[in-house]
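# Results of the structural survey
Residue strings, one per chain:
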Amino acid sequence: MPTLITKHLKLVPLTHADADTVVEMFADPAMSTYMSIDFSVEANGRAMVERRLAHSDDKLGHWTVTEKGETVGLVHLRPSFELPASLIEIGWYTATSRAGRGLAQEAAAALLRYGQGLGLPAIWAVVDPRNAASLAVAHKLGFLHVGEGHHYGALHDVMVLLNERR
Ligand SMILES: CC(C)(COP(=O)(O)OP(=O)(O)OC[C@H]1O[C@@H](n2cnc3c(N)ncnc32)[C@H](O)[C@@H]1OP(=O)(O)O)[C@@H](O)C(=O)NCCC(=O)NCCS
């Protein structure tokens, strides 16, 4: 997996060395407001990082988002755990203290460009409909709402971005 560089951010492939930093970022309960698992419980946070590390290959997986060398978020682009046929799913997380500055959008936009460059026909996102900030990110990125489903333990909006570069 490559490191991706944006105007303000660096997306660096997640490694075991990032585990403590990611667990610390998710120690804020606000990060789990729309999650069915409370990742502020350390054991849950550690299990989440391990699960992410188990699902990376040479092209797709999980990246930390860093700003001036500091970890400010996490993103992923990998086969979905939830949608059928291993459709490729993107996800975004920004540390609460850094939210509202456009970081999720900037990081996700870079990951989408990367995924489209790989020739992926479509990239999917599943978002809790109560998660207004995440829905705003998806809409700003051009995702289309195509339905709802029970995912990650609750009703989620299912959204897709088609690859117009193909
Ligand atoms: C959702 C999340 C990733 C957003 O990260 P972020 O870096 O703040 O996102 P951005 O700054 O790029 O964009 C947030 C947008 O949501 C908007 N927003 C924030 N709170 C909002 C609210 N309550 N209602 C409506 N819009 C809201 C912001 O105004 C911004 O839109 P704008 O740029 O048009 O002003 C971050 O809050 C987070 O990690 N939350 C916890 C984990 C999570 O829920 N991840 C998503 C799983 S699908």
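Quick summary incoming for the structure in this document.

Cut-offs used in this document
Residues numbered from 1 in each chain as written. Predicted model: local features only at pLDDT ≥ 70, side-chain atom pairs only at ≥ 80, totals over all residues. Buried ≥ 20, exposed ≤ 12 C-beta atoms within 10 Å, placed from the backbone. Helix = DSSP H or I, 4+ residues; strand = E, 2+ residues; numbered from the N terminus. Pairing = 2+ DSSP bridges. Core = buried A, V, L, I, M, F, W, Y, C linked by C-beta atoms within 7 Å. Contact = placed C-beta atoms within 7 Å. Near = placed C-beta within 6 Å. Nonpolar A, V, L, I, M, F, W, Y, C, P; charged D, E, K, R; others polar. Expected span 1.5 Å × (residues − 1).

## Side note on the pairing of strand S5 (residues 88–94)
For S5, the buried fraction is high: 6 of the 7 residues fall into the buried class. The pairing of strand S4 (residues 70–79) with S5 spans 7 bridges and is antiparallel. Pairing of Pro 79 across the sheet is with Ile 88, part of S5.

## Regarding the nonpolar core
Ranked by internal contacts, the top residues of the largest apolar core, which has 37 residues, are Leu 11, Val 65, Val 75, Ala 107, Ala 108 and Leu 111. Those elements that place two or more of their residues in this core are helix H1 (19–25), strand S3 (61–67), S4, S5, helix H3 (103–117), strand S6 (122–127), helix H4 (132–141) and strand S8 (154–162). Considering each element in turn, this core owes the most residues, 7 residues, to H3. With near-sequence residues (within four places) excluded, Leu 111 lies in contact with Leu 4, Leu 11, Val 75, Leu 77 and Ile 90.

## Comments concerning the site of the ligand
Lining the immediate environment of the ligand, one finds 21 residues, of which Thr 94, Ala 104, Gln 105, Ala 132 and Ala 136 sit closest. Contributions of two or more residues to the shell around the ligand are made by S5, H3 and H4. Per-element tally for the shell around the ligand: the top contributor is H4, with 6 residues. Taken together, the residues of the shell around the ligand break down into 12 nonpolar, 7 polar and 2 charged.

## A few points about unusual backbone geometry
Located in the positive-phi region is Lys 68, a residue other than glycine, with phi close to 50 degrees. With respect to the helices, strands and loops of the structure, Lys 68 is situated in the loop between S3 and S4. Even without being glycine, Ser 86 reaches a positive phi, approximately 50 degrees. Tracing the chain through its elements places Ser 86 in the loop between S4 and S5. For Ser 86, a count of 10 C-beta atoms within 10 Å puts it in the exposed group.

## A look at the pairing of strand S7 (residues 144–151)
Judged by how many residues are buried, S7 sits mostly at the surface: 0 of 8 residues are covered. Pairing of S7 with S8, which is carried by 7 bridges, proceeds in the antiparallel orientation. Paired with Leu 144 across the two strands is Val 160, which belongs to S8. In textbook terms, the turn of a hairpin is the stretch between consecutive antiparallel strands, and for S7 and S8 this stretch comprises 2 residues, one of which, Tyr 152, has a positive phi near 45 degrees.

## Some details on helix H2 (residues 42–53)
Here H2 spans 17 Å end to end across 12 residues, near enough to the 16 Å set by a 1.5 Å rise per residue. Against H1, S3 and S4 lie the buried residues of H2.

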